[in-house]
Amino acid sequence: MKSWRAISVFATTVACVCSAALLWPHPARTQQASSPIAFASISASASVQQPSSSSSTQTPTIEEYNPKSTLVVPEHKIQRAKFPFIDIHSHHGNPTPEHVGQLVKEMDTINLRVLVNLSGGTGEELKKTVATMKGRYPDRFVVFANPSYDDINTSGYGQRAAERLAADVRNGAQGLKIFKNFGMDLKYATGERVHADDPIFDPLFEKCAELKLPVLIHVAEPSAFFDPWDKNNERWQELKEFPQRARPPSKYPPFETLMAERNRLFARHPKVNFIAAHLAFHGNDLERLGKLFDTLPNMYVDIAAVLAELGRQPYSAHDFLVKYQDRVLMGKDIYEVNEYKWYFRALETRDEYFEYYRRRHAFWRIYGFQVPDEVLKKIYYKNALKLLPGIDAKAFPN
Ligand SMILES: [Zn+2]
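Bear in mind the structure is a predicted one, so any value in this text is a computation, not a measurement. (Residues numbered from 1 in each chain as written. Predicted model: local features only at pLDDT ≥ 70, side-chain atom pairs only at ≥ 80, totals over all residues.)

S.K.: Just to check I follow, could you spell out the environment of Ile-275 for this structure?
M.R.: With respect to the helices and strands, the residue Ile-275 is situated in strand S6 (residues 274-276). On a C-alpha basis, the gap between Ile-275 and Ile-217 in space is 6.2 Å, while along the polypeptide they are 58 residues apart. (Helix = DSSP H or I, 4+ residues; strand = E, 2+ residues; numbered from the N terminus.)

S.K.: How should the nonpolar core be read in this particular structure?
M.R.: For soluble globular proteins, the rule of thumb is that nonpolar side chains tend to be buried together. Ile-86, Val-215, Phe-274, Ile-275, Met-330 and Ile-379 are the most contacted members of the largest nonpolar core, which has 92 residues in total. With seven residues, the top contributor of residues to this core is helix H15 (residues 373-387). With residues up to four places along the chain from it excluded, the contact list for Val-215 reads Gly-175, Leu-176, Ile-178, Cys-208, Val-272, Phe-274 and Ile-275. Residues Phe-225, Trp-229, Trp-236 and Ala-246 belong to the second largest nonpolar core, which totals six residues. (Core = buried A, V, L, I, M, F, W, Y, C linked by C-beta atoms within 7 Å. Buried ≥ 20, exposed ≤ 12 C-beta atoms within 10 Å, placed from the backbone. Contact = placed C-beta atoms within 7 Å.)

S.K.: What should I look at first to understand the sheet that holds strand S2 (residues 112-117) in this one?
M.R.: Hydrogen bonding along the main chain pairs the strands of a sheet, whether they run parallel or antiparallel. Strand order in the open sheet made by the three strands is S1-S2-S3, with parallel pairing throughout. Among the strands making up the open sheet, the edge pair consists of strand S1 (85-90) and strand S3 (141-143). Strand-to-strand twist of the sheet, defined as the mean angle between neighbouring strand axes without regard to direction, takes the value 20°. In terms of strand pairing, S1 meets S2 through four bridges, oriented parallel. (Pairing = 2+ DSSP bridges. Axes fitted to C-alpha atoms, helices over the stretch in contact; angles between N-to-C directions.)

S.K.: I'm lost on the environment of Ile-379 in this one. Help?
M.R.: Here Ile-379 is to be found in helix H15. Here Ile-379 falls in the buried class, since 25 other C-beta atoms lie within 10 Å of it. C-alpha of Ile-379 to C-alpha of Gln-325: the two residues are 54 residues apart in sequence and 6.9 Å apart in space. Apart from residues no more than four positions distant in its own chain, Ile-379 is found in contact with Leu-321, Val-328, Leu-329, Met-330 and Leu-347.

S.K.: Help me understand the sheet that holds S6, please; the structure alone is not making it clear to me.
M.R.: Reading across from one edge, S4-S5-S6-S7-S8 is the order of the five strands in this open sheet, with parallel pairing throughout. Unpaired on one side and paired on the other, strand S4 (176-178) and strand S8 (328-329) mark the two borders of the sheet. Sheet topology note: the strand S7 (residues 299-302)/S8 ladder contains two bridges and is parallel. Within S8, the position partnered with Asp-302 by the bridge is Leu-329.

S.K.: Explanation requested: the pairing of S1 in the structure shown.
M.R.: Note on strand geometry: in a regular strand, side chains alternate between the two faces of the sheet. Burial analysis of S1 places six of its six residues in the buried class, which makes it a mostly covered element. On the question of chirality, the crossover connecting S1 to the parallel S2 by way of helix H5 (residues 97-110) is right-handed. (Right-handed = clockwise from strand over helix to strand, strands pointing away.)

S.K.: Help me out: how do you make sense of unusual backbone geometry in this one?
M.R.: What you tend to see is this: most non-glycine residues have negative phi, and most peptide bonds are trans. One non-glycine residue, Asn-111, lies in the positive phi region at around 70°. The class of Asn-111 is partly exposed, set by 16 C-beta atoms lying within 10 Å. For Tyr-353, which is not glycine, the phi torsion reads 55° and is therefore positive. By the element assignment, Tyr-353 lies in the loop between helix H14 (340-348) and H15.

S.K.: Looking at this structure, how should I read the pairing of S7?
M.R.: Going residue by residue along S7, you find Met-299 and Val-301 tucked away on one face and Tyr-300 and Asp-302 tucked away on the opposite face as well. Where S6 meets S7, three bridges bridge the pair, whose relative direction is parallel. In the sheet register, Ile-275 faces S7, and the bridge partner there is Tyr-300. Handedness of the crossover joining S6 and S7 through helix H11 (residues 286-295) is recorded here as right-handed.

S.K.: Explanation requested: H11 in the structure shown.
M.R.: Helical periodicity: at 3.6 residues per turn, an α-helix aligns residues three or four positions apart in one direction. When H11 is considered as a whole, its buried residues turn out to be Leu-286, Leu-289 and Phe-293. In an axial view of H11, the angular spread of the buried residues amounts to 55°, which keeps them on one side of the axis. The outward face of H11, more than 90 degrees from its buried face, is lined by the exposed residues Glu-287, Arg-288, Lys-291, Asp-294 and Thr-295. Buried positions along H11 lie against S7 and helix H13 (314-323). (Arc of directions from axis to C-beta.)

S.K.: What is the right way to read the packing of helix H7 (residues 157-170) against helix H8 (residues 202-211) from this model?
M.R.: Helix-helix packing: each pair is described by the crossing angle between the helix axes and the interaxial distance. Where H7 contacts H8, the axes come no closer than 7 Å and their chain directions differ by 30°. In this view, H7 runs roughly parallel relative to H8, as classed from their interaxial angle. Taken as a pair, H7 and H8 cross one another with a handedness that is right-handed. Contacts between H7 and H8 involve Gly-158, Gln-159, Ala-161, Ala-162, Leu-165, Ala-166 and Val-169 from the former and Asp-202, Pro-203, Leu-204, Glu-206, Lys-207 and Leu-211 from the latter. Split into classes, the residues belonging to the contact of H7 with H8 amount to eight nonpolar, two polar and three charged. (Parallel < 35°, antiparallel > 145°, perpendicular 65-115°, else oblique. Left-handed = near helix turned anticlockwise from the far one by under 90°. Nonpolar A, V, L, I, M, F, W, Y, C, P; charged D, E, K, R; others polar.)

Structure (structure tokens):
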């Protein structure tokens, strides 16, 4: 995601100036304070007793601790998906022809048949992205448009946003992606937060219903980012690495407020198919997500960047995916061809206790939850084909 990367780079340079640090316990500080003490006591005792054994008794920091599992069990390191698949959640801002050519080569190696670029932008930028991707490989790419909020303070915004979207669709957009600033950082000139269910967007969503455009929407963040940043926080490591990802109450609405706004938005536009990104941030509570599916028939989710949630609960994940097999779509988020194999292994095998690809998302290991082929096909492509009628279904098995 172009904008996200830009924010991340900026934020790491100002990491510890985050105001959250003044309000909440700062894990980095706790960490730094405790490590030298532990180290000092070890070197003192080592110098008196057994200098040669200091490396075996040294206390590692939590980030250094990296135990090698001694478990011996069957391993199936799948490199290529069992069926062709559609990645509904990828980001390629302003791609060059070289990037796109390389992308297609890489996609072929893992059976990634169609990639959905959610970062199409709007207007000229969208036109250019469509030309560079779909224009050259019509069967391999789908581009979503993004709303502009530049004129949100001028009356008639919703109507104008709807007209811009209609123009983007004429220029090749096949869906609308709404980024995470929606509901959180987006503010009116008055300073008031723009709520996720603000009626100002009604004309935009009505246009989506009229044009049968799916809306992939990211509202909120993992609930742990809204919790105090302390030793009990499940995402401690990620918040240390990226302090700007914290959503302290001094700056952001509570997680539950955002969930309620999002759910009201989905309910208010029953003719729009909403794909809530990242398991709708309920990957850690699949029962809750199931209840939402039961009440909102127009709601879908992707599994992008939240595989570790499913992989830590293989029995629940399996049963959930079987039960809600029509509602879940394959997605990856940050594009890296070598990272898809974790998704294949989790979805297609019963491998146990294997390392995840991004430790800051999961200090735990994950398990495969192997779903039946029919479910796998729905997650890999059938559900996406249903929501995105522009894709040629002939490239996929029945
Ligand atoms: Zn994303």
